[in-house]
Amino acid sequence: MVAPAKAAAVVKADGYGLGVTRIAPALYRAGCRAFFVADLGEAVELRPLVAGDAAVYVLNGLQPGTEKACAAAAVIPVLNSLEQVANWSAAARSLGRKLAGVLQLDTGMSRLGLSDIEVDEFTANPALRDGIDLTLIMSHLACADDAGSAANPEQLARLRALLDKLPRLPVSLANSGGAFLPADFHFDLVRPGIALYGAMPTNRPTAPMRPVVRLDARVIQVRSIPPGAIVGYGASFTAGQELRIATLAVGYADGWPRHLGNCGAAYCGAVRLPIVGRVSMDSTAVDVTALPAGTLRLGSLVELIGPHQTLDDVAADSGTIAYEILTRLGPRYSRRYRDADPGAAEPD
Ligand SMILES: *Cc1c(COP(=O)(O)O)cnc(C)c1O
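Structure report, in brief.

Basis of the calculations
Numbering of residues starts from 1 in each chain and follows the order in which that chain's sequence is written. Owing to the predicted nature of the model, reporting of local features is limited to residues with pLDDT of at least 70; listing and counting of side-chain atom pairs is limited to 80 or more, with chain, interface and lining totals taken over all residues. Side-chain metrics rest on all non-hydrogen atoms present in the structure, leaving aside hydrogens and water. Here a helix means four or more residues in a row that DSSP labels H or I, a strand means two or more in a row labelled E, and each is numbered from the N terminus. Pairs of residues are marked as contacts when any of their non-hydrogen atoms sit within 4.5 Å. Cavities and pockets are found on a 1 Å grid laid over the protein atoms alone: a cavity is a set of points where a 1.4 Å probe fits but cannot escape, a pocket is an open set with protein on both sides within 12 Å along at least five of seven lines, and a lining residue has an atom within 4 Å of such a point. Grid points are joined across faces, edges and corners, and a volume is the space filled by probe spheres set on the points. Classification of ring pairs rests on two measures: the distance between centres of Phe, Tyr or Trp rings, Trp counted by its six-membered ring, which must be within 6.5 Å, and the angle between planes, read as stacked under 30 degrees, edge-to-face over 60 and tilted in between. Accessible area is worked out with a 1.4 Å probe on protein chains only. A residue is then buried under 20% of its type maximum, exposed over 50%, and partly exposed in between. A positively charged side chain is recorded as over a ring if its NZ (Lys) or CZ (Arg) lies within 6 Å of the ring centre. The angle to the ring normal must also be within 35 degrees. By nonpolar core we mean a set of buried residues, namely Ala, Val, Leu, Ile, Met, Phe, Trp, Tyr and Cys, connected to one another through side-chain atoms within 4.5 Å. If a single non-hydrogen atom of a residue is within 4 Å of a molecule or strand, that residue counts as near it. Side-chain atoms alone can form a polar contact between residues adjacent in sequence; in general such a contact is a pair of N or O atoms within 3.5 Å, and within protein one must be able to donate a hydrogen while the other accepts it. The protein chains shown are the only cover counted for residues, whose accessible areas, like all others here, come from Shrake-Rupley with a 1.4 Å probe. Assignment to a cavity or pocket requires that more than half of a molecule's atoms be within 2 Å of the site's grid points. Residues are sorted three ways: Asp, Glu, Lys and Arg are charged, Ala, Val, Leu, Ile, Met, Phe, Trp, Tyr, Cys and Pro are nonpolar, and all the rest, Gly among them, are polar. In what follows, salt bridge is the name for a side-chain nitrogen of Lys or Arg lying within 4 Å of a carboxyl oxygen of Asp or Glu.

Let us look at the environment of Gly251. Its place among the elements puts Gly251 in the loop between β13 (243-248) and β14 (265-268). Residues Gly251 and Leu166, 85 residues apart in the sequence, show an inter-C-alpha distance of 51 Å. In contact with Gly251, not counting residues within four places along its chain, are Trp256, Val279, Ser280, Met281, Asp282, Ser283 and Thr284.

In structure tokens, the structure reads:
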């Protein structure tokens, strides 16, 4: 979609919670040759998962004292300050070889990267980057998900002004949301994360997102309760009539948001099963009265994320964003990957 720009893959936080050991090799097989993670620990884990022709970039930069480890791991730090530039340059000189680095510019998010003043200092002192093989200049958009935001063209203009002062190098600005902005935001490399994992990264309604994750929960008990019975901790729900309640083996320890108490739902086919009472650590109760008796029993599965309730629906119901739902998916789920045999055709 962004061609002729290339697409990197952002696989930080264990591939947005989905399992970087499976996701990174799949993306590599699909042709991806640039991967971004948050820190050196993630980069060291990722490096052997992809071949040597793939670049591994560390977004959070270079922690003092880790320069040698970073060089030894053959990963590329995003240099977010002049201090990090100086430390990487010193490491290159002491190792007696060039070290690849990315320069990040702050164009308005005030999070990471060189300020305007630091860019001037950087250009005034070429010795600062001795030994550094700068391979990419990058910046990051604060409001890319809001296609109409005035912040987007403002950041683009600031980036262009800073690039005019710097050597000509490949440039990267857009994340997933930025990929849906006009082509002048795409430069040479886009850095999608969440769009790879099926969430809607933009308020532009034409985004062709397809779900990637399906999440089901097991029924561990079904019971009928009389009018006046309470459900769950804190007695936050009282049955107004006789109800059938199913207890699901999913709770906030699985990253199933506690905020969904008395407002979220599970699905059985197209039938909405409202969550009743609070979400517990290991279980959640749903009202299954709308289903014919006997539909759900011990061991049945109900849908939490899938065709009837998207990741974005769950995020909206719990007052958060898809990123947080995905990255908090807990370790207790049994995880099945559809590309288990890379040679096999993907089921649809
Ligand atoms: C996390 C991150 C991305 C990916 O963002 P998405 O919105 O998930 O596409 C890209 N660039 C930087 C600097 C990031 O921190």
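From this point, the narrative continues.
Right, let's talk about the layout of surface pockets for a bit. Its volume calculated, the second largest pocket comes out at about 720 Å³. Lining the second largest pocket are 34 residues, with Tyr16, His140, Asn175, Ile194 and Tyr323 sitting closest to its centre. Listed by contribution, the elements that provide at least two residues to the lining of the second largest pocket are α1 (12-16), α8 (176-179), α9 (311-317) and α10 (322-327). Looking at which element gives the most residues to the lining of the second largest pocket, the answer is α9, with three residues.

We now examine the packing of aromatic side chains. Following the criterion strictly, the structure yields three aromatic pairs and no others. Consider the rings of Tyr16 and Tyr197, whose centres lie 4.8 Å apart with planes at 35 degrees: the pair is tilted. Taken together, the residues span a long stretch of sequence, with Tyr16 in helix α1 and Tyr197 in the loop between β9 (189-190) and β10 (215-225) at a distance of 181 residues. Judged on exposure class, the residue Tyr16 and its partner Tyr197 are both buried. Between Phe36 and Tyr57, the ring centres sit 4.6 Å apart and the planes meet at 25 degrees, which makes this aromatic pair stacked. Taken as a pair, Phe36 in strand β3 (residues 34-37) and Tyr57 in strand β4 (residues 55-58) lie far apart in primary sequence, 21 residues in all. For the pair formed by Phe36 and Tyr57, the shared burial category is buried. An aromatic cluster is defined as three or more aromatic residues linked by ring pairs; in this entry it consists of Tyr16, Tyr197 and Tyr323. In this structure, Arg33 packs its charged tip against the face of Tyr28, placed 3.6 Å from the ring centre.

Below, the discussion takes up the nonpolar core. Nonpolar side chains tend to gather and get buried jointly when the protein is soluble and globular. Membership of the largest hydrophobic core comes to 95 residues, with the highest contact counts inside it found for Val11 and Phe35. Not counting chain neighbours up to four residues away, the residues in contact with Phe35 comprise Ala9, Val11, Ala24, Leu27, Tyr28, Leu46, Val50, Ala54, Ala55, Val56 and Tyr57. If you look at the next biggest cluster of nonpolar residues, it comprises nine residues, including Phe237, Ala239, Leu243 and Ala285.

Taken together, 14 residues lie near the ligand, and Lys12, Tyr16, Ser176, Ile194 and Tyr323 sit nearest. Between the ligand and Tyr16, the relevant distance is 2.6 Å, taken from an oxygen atom to a side-chain nitrogen or oxygen of the residue. One of the side-chain nitrogen or oxygen atoms of Arg111 is found 3.2 Å away from an oxygen atom of the ligand. When the free accessible area of the ligand is taken as 390 Å², the share hidden by the protein chains comes to 93%. Given that more than half its atoms are within 2 Å of the pocket grid, the ligand belongs to the second largest pocket. Its residues placed into classes, the shell around the ligand shows seven nonpolar, four polar and three charged.

Let's shift gears to empty space enclosed by the protein. Unoccupied space between atoms shows up once a probe the size of one water molecule is rolled over them. Evaluated as defined, the whole model comprises one cavity of 30 Å³ or more. Taken together, Gln104, Leu105, Asp106, Thr107, Met109, Arg111, Leu112, Ser139 and His140 form the lining of the largest cavity. Here the lining of the largest cavity is built from residues that sort into three nonpolar, four polar and two charged.

In this structure, Glu67 sits in helix α4 (residues 67-72). A polar atom in the side chain of Glu67 sits 2.9 Å from the backbone nitrogen of Gly65.

Within the structure shown, the criterion is met by seven salt bridges. Here Arg33 and Asp53 are joined by a salt bridge, their closest N and O atoms 3.1 Å apart. With a gap of 20 residues between them, Arg33 in the loop between α2 (20-29) and β3 and Asp53 in the loop between α3 (40-46) and β4 connect regions that are remote in the sequence. Residue classification places Arg33 among the partly exposed positions, given a relative accessible area of 33%. Residue Asp53 is classed as partly exposed on the basis of its relative accessible area of 49%. Here Asp254 ties to Arg332 by a salt bridge, and the two come within 2.9 Å at their closest N and O atoms. With Asp254 in the loop between β13 and β14 and Arg332 in the segment after α10, this pair connects stretches of sequence that are 78 residues apart. Three or more residues are tied together by salt bridges with common partners; here these are Asp254, Asp282 and Arg332.

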